[in-house]
Amino acid sequence: MISRPRHRVRRTVTLAASALLFGAVTAPAAQAVPSGPPSGAEGQPRHCTLDLTTGTEHCYTSFTEAIENASGGRIDDAPASARTAARDSRFRAQARSLAADGDERAGGVIQGTFFDDPGFGGDSLTITGEGLCEKDGWVDYQYDLEDAWKNRISSVQPWGNCWIWLYPEPGLGGDRDGPFKENTSDIGAFMNDRTQSIGFS
Amino acid sequence: MKQRVRWSVMLAALVTAGSAALAPGVAQADDNPPTVRELLDKCDNGTDVCVFHPDGPPRDSMGEAHQVGDSAYNCTKDLQRSTVGWSDTTGESNSVGVSLSAEYGFAEVFKVSIETNYSHTWESSHTESAQTNIDVRPGEVGWVTREAQLQTVSGKYEMHFPDRFHGHYIWYVPFEATGPKPDAPSTKTQHTRPMTDEEKAQHCG
């Protein structure tokens, strides 16, 4: 038996807040702008990062490069939650700095990585957001996959205290599989190659 | 209600962010960042969260071919079948130079991750012993080489600290380890060549 979690769509709210916080350097898009097909040239896996805060997507030839860019370098720095952010003067200063620099890629918290093949193989999509999941029984972040990533996901890795929920329709619609609480090299037949939207709780 | 709370949190952040711009003494980046080893020593030893995320399936490779056992010198005028006994250990290497067989928190996290995700255990070393026959022609020397199958796993540790560690709550730490591939046969090869004059003098008198 599958039960539905409590969830509400908070992305619109958080994106708006982020835009204000970061000085609206880049207008946040409701959905990532695809930068070409996910598969790399000559059959090499392609590794993309998507920043939920800005909707910006970047693709790389190596996963390491993708993660390094997702985290703004080897170090990633972010408060544990938006609440902490409000108390953290250094984060506030950095937020200002980011706005001034216009570097929308730096400072994201990795929330999940999704792979085309089982065993964390093939193309990958790493999603970053503004903070850790709060573990309060709510879907903190959600994302509708762009067409190029629909019906492909076979293995997943939750990051940032998040649990991952997979849905076969946009807007967290249809069946649901999860929560995936840890690295899962094979999500199983139920949702394999069916995911169209993702919830992070 | 939930949305309202979230709004107030983020708006509070916005308001204070505005005032922070005027505040003196803005923290600077850590001038003395920790080493990877220093960070990994904190895994499950001062962290709230320490997880290893593989960045792909294990990559298979062959280790370097190297001689095992002694060389067999045929100083007779007949073909000789020599039996070379050998024992060879394949070890591991990793990006921090610390054996994963030791009881470090990060090593345990890594090994559990491998077991969970790939359904096999991580072997820090594997020893194979055998006896291999070589047919050595008169005036030649024979030897055996072995190539072990290896596997490499790479990825990132995700580490969350309750308080800032060197200025940051969250660190992503790269890590890569190569070790013997479990249950994979090695390649053994017999070789022969004519002895050099020096070898003849040394081994055949």
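Chains are numbered independently. Their residues run from 1 in the order of the written sequence. The order in which chains are written sets their letters, starting at A; the order in which ligands are written sets their numbers, starting at 1. Local features in a predicted model are, by the rule used here, given only for residues with pLDDT of at least 70; side-chain atom pairs are given and counted only at 80 or more, and totals for whole chains, interfaces and linings are based on all residues.

Q: Pulling in residues and values, what's your account of the overall build of chain B?
A: Under the scheme used here, helices are H or I runs from DSSP no shorter than 4 residues and strands are E runs no shorter than 2 residues, and both carry numbers assigned from the N terminus. Per the secondary structure count, chain B includes four helices and 10 strands. Starting at the N terminus and ending at the C terminus, chain B contains elements arranged as α-α-β-β-β-β-β-α-β-β-β-β-β-α. Here chain B holds 205 residues, and 31% of them are scored as buried. Across chain B, every contact between residues at least 6 apart in sequence was considered, and the portion connecting residues at least 24 apart equals 82%. Remark: C-beta atoms are placed from the backbone, and a residue is labelled buried if 20 or more other C-beta atoms sit within 10 Å of its own, exposed if 12 or fewer do, or partly exposed between those counts. We call two residues in contact if the C-beta atoms placed from their backbones are at most 7 Å apart.

Q: Could you give an account of the overall build of chain A, naming the residues involved and the relevant values?
A: When you go through chain A residue by residue, the secondary structure sums to four helices and nine strands. For chain A, the sequential pattern of α-helices and β-strands runs α-β-β-α-α-α-β-β-β-β-β-β-β. Each of the 201 residues in chain A was classed as buried or not, and the buried ones make up 50%. Counting only contacts in chain A whose residues sit at least 6 apart along the sequence, the fraction spanning at least 24 positions is 68%.

Q: Could you give me a rundown of the sheet that holds strand S4 (residues 121-129) of chain A, with the residues and numbers involved?
A: All names here are of chain A. Spatially, five strands are ordered S2-S1-S4-S3-S6 in an open sheet, and the strand pairing comes out mixed. The sheet is open, and its two edges are formed by strand S2 (56-60) and strand S6 (155-158), each paired on a single side. If you compare each strand with its neighbour and ignore which way they point, the axes differ by 15° on average. Whether two strands pair comes down to DSSP finding at least two bridges between them. Interaxial angle, 0 to 180 degrees, is taken between N-to-C directions of lines fitted to C-alpha atoms, where a helix line uses only the stretch in contact.

Q: Kindly report on the confidence of the model for chain A, identifying the contributing residues and their values.
A: Residues and elements named next belong to chain A. This prediction gives chain A a mean pLDDT of 71; 61% of its residues lie at or above 70. When the criterion is pLDDT under 50, residues 1-38 qualifies, and its contacts beyond four places in sequence or with other chains add up to 83 contacts. On a scale of 0 to 100, pLDDT captures the predictor's confidence in every residue. In this model, residues 73-106 is a region of pLDDT below 50 whose contacts with residues beyond four sequence positions or in other chains number 80 contacts.

Q: Outline helix H3 (residues 105-118) of chain B, listing residues and values.
A: Residues and elements named next belong to chain B. Given a helix with a known number of residues, its expected span is that number minus one, times 1.5 Å. Here H3 contains 14 residues, and its C-alpha end-to-end distance of 20 Å stays within 8% of the 20 Å for a straight helix at 1.5 Å per residue. Within the sequence span of H3, burial applies to Phe106, Ala107, Val109, Phe110, Ser113, Ile114 and Asn117. Along the long axis of H3, the arc covered by the buried residues comes to 165°, so they all point the same way. At its buried positions, H3 is contacted by helix H2 (36-40), strand S1 (49-54), strand S8 (149-165) and strand S9 (168-180). Looking one or two residues beyond H3, the residue adopting positive phi is Ser119, at roughly 55°. This arc corresponds to the set of directions leading from the helix axis out to the C-beta atoms.

Q: Tell me about helix H2 (residues 63-70) of chain A, and please be specific about residues and values.
A: Three or four residues apart is the spacing at which side chains of an α-helix point the same way, because the helix has 3.6 residues per turn. What H2 of chain A keeps buried is the set Phe63, Ala66, Ile67, Asn69 and Ala70 of chain A. Down the axis, H2 of chain A shows its buried residues gathered within 165° of arc, on one side only. Here the buried face of H2 of chain A lies against strand S1 (47-51), S2, strand S3 (109-117) and S4 of chain A together with S8 and S9 of chain B.

Q: An account of the pairing of S3 of chain A is requested, with residue identities and associated values reported.
A: On any regular strand, side chains alternate: one points to one face of the sheet, the next to the other face. All names here are of chain A. A large share of S3 lies buried, amounting to eight of its nine residues. Where S3 lies against S4, seven bridges are found, and the strand directions are antiparallel. Residue pairing for S4: Val109 is matched across the bridge by Gly129. In this structure, the hairpin formed by S3 and S4 is closed by a connection of three residues, where Gly119 is found at a positive phi of approximately 70°. Sheet analysis places S3 next to S6, joined by four bridges and oriented antiparallel.

Q: Report on unusual backbone geometry, specifying residues and quantitative values.
A: In this structure, Pro179 of chain A follows Gly178 of chain A across a cis peptide bond, with omega equal to 5°. With respect to the helices, strands and loops of the structure, Pro179 of chain A is situated in strand S8 (residues 177-180). Positive phi values are uncommon outside glycine, yet Asn151 of chain A reaches one of about 60°. Tracing the backbone shows Asn151 of chain A in the loop between strand S5 (141-144) and S6. Here His166 of chain B, not a glycine, exhibits a phi torsion of approximately 50°, which is positive. Within the secondary structure, His166 of chain B sits in the loop between S8 and S9. With 15 C-beta atoms counted inside 10 Å, the residue His166 of chain B sits in the partly exposed group.

Q: A description of the confidence of the model for chain B should follow, citing residues and the corresponding values.
A: Keep in mind that low pLDDT regions are not for reading the predicted coordinates in detail. For chain B, the mean per-residue pLDDT works out to 84, and 85% of the residues sit at or above 70. Taken together, the stretch residues 1-29 of chain B has pLDDT below 50 and engages in 43 contacts with residues farther than four places along the chain or on a different chain.

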